[in-house]
Amino acid sequence: MSEPADRRYGPATLPRARGPFSAAVVEALRRPPHDLPADLGVDLDPADPFTDEDLQLTLFLCYELHYRGWLGVDESWEWQPTLLALRARCERVFEAALRRLVGAPPVPAAGVAAGLAELVAADNGPALAATLQRRADLTQFREFVAHRSVYHLREADPHSWALPRLGGPAKAALVEIQTDEYGNGRLDRMHAELFRRTLDRLGLDTGYGAHVDVAPAVTLATNNLMSLFGLHRRLRGALLGHLAAFEMTSSLPNRRYGNGLRRLGFDEVATRFYDEHVEADAVHEQIAAHDMCGGLVRAEPALASDVLFGAAAGLAVDRLFAAHLLGSWAAGRSSLRAPAAPALPPRVSLVALPAVAPPAPPALV
Ligand SMILES: [Fe+2]
Ligand SMILES: [Fe+2]
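Here the structure is a predicted model, which means the values were calculated and not measured.

1. Examining the coordination of the iron ion (ligand 1)
Think of it this way: four donors in a tetrahedron around the metal ideally sit 109.5 degrees apart, and six in an octahedron ideally sit 90 or 180 degrees apart.
At step 1: Looking at the iron ion (ligand 1), one finds its protein donor set to be Glu155 (OE), Glu181 (OE), His191 (ND1) and His277 (NE2), positioned 1.9 to 2.1 Å from the metal centre.
At step 2: Angles of 84 to 165 degrees at the metal separate the four donor atoms of the iron ion (ligand 1), which places the site in the irregular class.
At step 3: All donors of the iron ion (ligand 1) belong to a single chain; written as a sequence motif, their spacing is E-x25-E-x9-H-x85-H.
At step 4: A separation of 4.2 Å is found between the iron ion (ligand 1) and the iron ion (ligand 2), which share glutamate 181 as a coordinating residue. In this pair, glutamate 181 sits in helix H9 (residues 168-181) while histidine 277 sits in helix H14 (residues 268-299), placing the two residues 96 residues apart along the sequence. Here glutamate 181 matches histidine 277 in class, with each residue buried.

2. Remarks on the pattern of salt bridges
At step 1: Counted under the stated rule, the structure contains 17 salt bridges.
At step 2: Its salt-bridge partner being arginine 337, residue glutamate 53 comes within 3.6 Å of it at the nearest N-O pair. Of this pair, glutamate 53 sits in helix H3 (residues 53-64) while arginine 337 sits in the segment after helix H15 (304-330), and the two are 284 residues apart along the sequence.
At step 3: Across the pair arginine 236 and glutamate 300 runs a salt bridge, and its minimum N-O distance is 2.6 Å. Of this pair, arginine 236 sits in helix H12 (residues 236-248) while glutamate 300 sits in the loop between H14 and H15, and the two are 64 residues apart along the sequence.
At step 4: Accessibility expressed as a relative area gives 12% for arginine 236, which makes it buried.
At step 5: The partly exposed category is assigned to glutamate 300, whose relative accessible area is 29%.

3. Examining empty space enclosed by the protein
At step 1: Taken as a whole and judged by the stated rule, the model has two cavities of 30 Å³ or more.
At step 2: Approximately 50 Å³ is the volume found for the largest cavity.
At step 3: Contributing to the lining of the largest cavity are Ala12, Phe60, Glu64, Trp70, Ser149, Val150, Leu153, Arg154, Tyr208, Gly209 and Val212.
At step 4: Within the residue set of the lining of the largest cavity, elements represented by two or more residues are H3 and helix H7 (138-152).
At step 5: Across the lining of the largest cavity, the residue classes break down as seven nonpolar, two polar and two charged.
At step 6: By volume, the second largest cavity amounts to about 30 Å³.
At step 7: Lining the second largest cavity, in full, are Cys62, Leu65, His66, Trp77, Glu78, Leu83, Leu84 and Arg87.
At step 8: Counting residues per element, the lining of the second largest cavity draws most heavily on helix H4 (residues 81-102), at three residues.
At step 9: Counted by class, the lining of the second largest cavity contains five nonpolar, one polar and two charged residues.

Each value, and the rule that gives it
Residues numbered from 1 in each chain as written. Chains lettered and ligands numbered in written order. Predicted model: local features only at pLDDT ≥ 70, side-chain atom pairs only at ≥ 80, totals over all residues. Heavy atoms only, no water. Donors = N, O, S within 2.8 Å, 3.2 Å for Na, K, Ca; no water. Tetrahedral: all angles 85-135°; square planar, octahedral: opposite > 155°, others 65-115°. Helix = DSSP H or I, 4+ residues; strand = E, 2+ residues; numbered from the N terminus. Buried < 20%, exposed > 50% of the residue type's maximum accessible area, 1.4 Å probe, protein only. Salt bridge = Lys/Arg side-chain N within 4 Å of Asp/Glu carboxyl O. 1 Å grid on protein atoms, 1.4 Å probe; cavity = no way out; pocket = protein on both sides within 12 Å on 5 of 7 lines; lining within 4 Å. Points joined across faces, edges and corners; volume = space filled by probe spheres on them. Nonpolar A, V, L, I, M, F, W, Y, C, P; charged D, E, K, R; others polar.

From the geometry alone we can't say anything about function, so treat these as descriptive.
In C-alpha cells form, the structure reads like this:
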C-alpha cells in the first residue's frame, strides 16, 4: 500500500471549515495572498477553547503554513501580516485558556527536574493507555491511531523549533533526543516513518495530514500547543518543558499500546513504533529533565516556571484528549469527526472503516 510521495510527506489537503473563522481562512488560502478583513463580523470568544472546533482549526490552518503548508496554497501566505494578526488573536485566547487551566506550577527548591517529576507523578489522567491495552476493539484502536497521526507523521518537528533558540548543554541534550526521533538520519528508523507503517498495517491512510479533517478540536489542541510553544521564542522554556513531560510519560503507555496491538493480533511491524519508544523514552526522559531542562534553567534561571508551565499544559491537554476518547467510546460514539460530502479521497474515510484483518500469527513449528 505505497503512497505517492507528495501525499506521504505533505503538503496536506486543506480541511473543511468548522465555523466562521476557519471558513474565512480556508476561503482566503484558496486565493493568492491578500489582506483579510480586519473584522470578520463575529466575536472570538469561545466558551471552551479546547473543544472549540473553529478556534482550533483556525490555529491549525495558520500553523501548518510553517510546517509543510497546504496543497495548492501559495507559500507566501506564511508571512501574510493580516493572517498573522488573526493567528495572534486566536493564540491570545488559547494561551490564556492554557494558563487558566494549569496556573503557574511552583518551582521546588530541589530544582526544575524535581518539579517535572512532581508534575508527572501527580498526572493521574483517564486510563486511555490501559483501555487500549486491555479492552479497545480494532475500530477504537484505529481511531486512536488516526488521532495521533496528526502529530506522529511529523514527530519531533515542533520541538526542533527550539534548536536555533538554544546554546550550550540544553541544545546538546535536545539534539541528542531529536537525533533519535529522526532515526539518526536513517529514513527507515525515523519515528514518523515507523508510525506510517503502523497506520499502513491498520489499513489507514498513511498520507501526511490525512486525518486532520476528522480530528476533533481537542486533538488539534494537542498539536497547536506544541506549535504555539515552538513558534514563539519567548515560550522556549515551555516548549522544552512540554517535550520533557512528553518523554517522561511515554515509556509505559507505549508498552501498553504495543501490547494492545499484539492482543488484537498485529505483528511487530505494526507495534514497532510503540516498542521503539519503550526503551528510547526511558533514556530520553532522563536527558530531557536533567540535561535539557536542567541545562536551560542553569543558563536562564528565569525560565524555570515556564518549563513547568509547558509540562503542565502538555499533560493537562493530553488528559482532555484521553477523556474525549474514553467518553466517546463509553457513549458508543466514534471519537472522530465524521467526514461528510464532498467525498474524501479513497482510504481517508473513517465512517466506513475499510476492513482490515490482523496479520496471521506465525505458524507454530
Ligand atoms: Fe519518538
Ligand atoms: Fe522520545
